[in-house]
Amino acid sequence: ILGGYEAKPHLRPYMASLQLDGQHVCGGFLIAEQWVLSAAHCTEETDGRVFQVLLGAHSLREPEPHKRLYRVRAQIPHPGSNIHNNKDDLLLLQLEEKAELNAHVQVLPWQREDRDVAADTVCEVAGWGTISHSGRRPDKLYQVERPVISRDVCNHRTRHDGTITEKMMCTDSRKKDSCKGDSGGPLVCSGVAEGVVTAGSRVCGNYKKPAIYTRIAPYAAWIDGVMASAAG
Ligand SMILES: CC(C)CC(=O)Nc1cccc(-c2cccc(CN)c2)c1
């Protein structure tokens, strides 16, 4: 998160850290007791290895009472996701067991109505991604507020030049932005997850390259279908 600030501990109890060998790779969030939603491109550099999911954390390193690392039973990328573009950039992770819910571990409601969030709506994004242009990685969860920008503005020739589909949304990225390691985290508007951070052009804090999020509502049927089929 660039240009943001340390989050108040445990006010975002749905936040997940996707880890490999104890290293934070990407964000994610709890959408059901046994399911985390994240971004498919987070598996690009994992060489087929399965993530572990840290829940209940504020600090990645320090011992905290409700912090717990969960094994993953299944990782299911959206069938349309690929390394060449940001399309269908979603990843569902089934935990080995149901997460133990408490004040520090909670599910985040997600938007099922497929309607664009109005431009200028201020939403929030949080993560353990880099907090400086030099790539400094935080130990604590950071957050930042960002206004939604219209798809037309985001698709302008000098911005994302027509690549933003109706299954994506954008926020202004001037100075304050999501960045590497924030992928997979939720864009939260009025307490509801509307989008999932995708890497887009993989630059951060540049107003010419607004932040891109995969809208969740268009994928409600896929999400419900995967959770139903793997239930039990
Ligand atoms: C395996 C993955 C971690 C590879 C990856 O994602 N790299 C990478 C590099 C630079 C910026 C970003 C990035 C992420 C989220 C949002 C944004 C821009 N808002 C950029 C992402």
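None of these values were measured; they are calculated from a predicted model.

(A) Structural detail: the overall build of the protein. In terms of regular secondary structure, the protein is built from two helices and 13 strands. Relative to the globule expectation of 17 Å for 232 residues, the C-alpha radius of gyration of the protein, 16 Å, shows essentially globular dimensions. Its C-alpha atoms give the protein principal-axis dimensions of about 45 × 35 × 35 Å. Accessible surface, the protein as shown: approximately 10,600 Å² in total, 50% of it carbon and sulfur.

(B) Representation of unusual backbone geometry in the model. At aspartate 47, a position not held by glycine, the phi torsion is positive, near 55°. Within the secondary structure layout, aspartate 47 lies in the loop between strand E4 (35-38) and strand E5 (52-55). We classify aspartate 47 as exposed; its relative accessible area is 76%. Despite not being glycine, aspartate 88 shows a phi value in the positive range, around 50°. Within the element layout of this structure, aspartate 88 appears in the loop between strand E6 (68-77) and strand E7 (91-95).

(C) The arrangement of helix H2 (residues 220-229) in detail. When H2 is considered as a whole, its buried residues turn out to be Ala220, Trp222, Ile223, Val226 and Met227. Looking at the buried residues of H2, the elements they touch are strand E3 (23-32), E4, E6 and E7.

(D) Quick look at the environment of phenylalanine 29. Note on placement: phenylalanine 29 falls in strand E3. Judged by relative accessible area, phenylalanine 29 falls into the buried class, the value being 0%. Apart from residues no more than four positions distant in its own chain, phenylalanine 29 is found in contact with Tyr14, Ala16, Trp35, Val36, Leu37, Leu108, Gly184, Gly185, Pro186, Ala193, Val196 and Ile216.

(E) Layout of the nonpolar core. By size, the foremost hydrophobic cluster in this structure holds 46 residues, and its most contacted members are Leu18, Phe29, Ile31, Leu37, Val53, Leu55 and Ile223. Elements with a contribution of two residues or more to this core: strand E2 (15-20), E3, E4, E5, E6, E7, strand E12 (192-198) and H2. Discounting chain neighbours no more than four positions away, the residues touching isoleucine 31 are Leu37, Leu92, Val107, Leu108, Trp110, Ile223 and Met227. Formed by 14 residues, the second largest nonpolar core is a distinct cluster that contains Val117, Leu187, Ala211 and Tyr213.

(F) Structural context of the site of the ligand. By nearness alone, 14 residues border the ligand, and His41, Asp177, Ser178, Ser183 and Val203 come closest of all. Between the ligand and aspartate 177, the relevant distance is 3.1 Å, taken from a nitrogen atom to a side-chain nitrogen or oxygen of the residue. Backbone polar atom of serine 178 to a nitrogen atom of the ligand: 2.9 Å apart, as the coordinates give it. Bound to the protein, the ligand loses 92% of the 510 Å² it would expose on its own. In terms of residue class, the shell around the ligand is built from six nonpolar, four polar and four charged.

(G) Up close: the state of the cysteines. Applying the stated criterion to the full structure yields four disulfides. A sulfur-sulfur separation of 2.0 Å characterises the disulfide bridge that pairs cysteine 26 with cysteine 42. Taking the torsion about the sulfur-sulfur bond, which here is approximately -90°, the covalent link between cysteine 26 and cysteine 42 counts as left-handed. With cysteine 26 in strand E3 and cysteine 42 in the loop between E4 and E5, this residue pair connects regions lying 16 residues apart in the sequence. Like cysteine 42, cysteine 26 is buried. Put simply, cysteine 123 and cysteine 189 are joined by a disulfide, and their sulfur atoms are 2.1 Å apart. The sign of the 105° torsion about the S-S bond sets the cysteine 123-cysteine 189 disulfide as right-handed. Pair noted here: cysteine 123 is in strand E8 (residues 122-127) and cysteine 189 is in strand E11 (residues 186-189), with a separation of 66 residues, a long-range link. Each disulfide of the protein joins two cysteines, and with those cysteines numbered along the sequence the arrangement is 1-2, 3-7, 4-5, 6-8.

About the thresholds
Residues numbered from 1 in each chain as written. Predicted model: local features only at pLDDT ≥ 70, side-chain atom pairs only at ≥ 80, totals over all residues. Heavy atoms only, no water. Helix = DSSP H or I, 4+ residues; strand = E, 2+ residues; numbered from the N terminus. Rg over C-alpha atoms; globule rule 2.2 N^0.38 Å. Areas by Shrake-Rupley, 256 points an atom, 1.4 Å probe, with all protein chains shown as cover. Buried < 20%, exposed > 50% of the residue type's maximum accessible area, 1.4 Å probe, protein only. Contact = heavy atoms within 4.5 Å. Core = buried A, V, L, I, M, F, W, Y, C linked by side-chain atoms within 4.5 Å. Near = heavy atom within 4 Å. Polar contact = N/O pair within 3.5 Å; in protein donor to acceptor, adjacent residues only side chain to side chain. Nonpolar A, V, L, I, M, F, W, Y, C, P; charged D, E, K, R; others polar. Disulfide = S-S within 2.5 Å.

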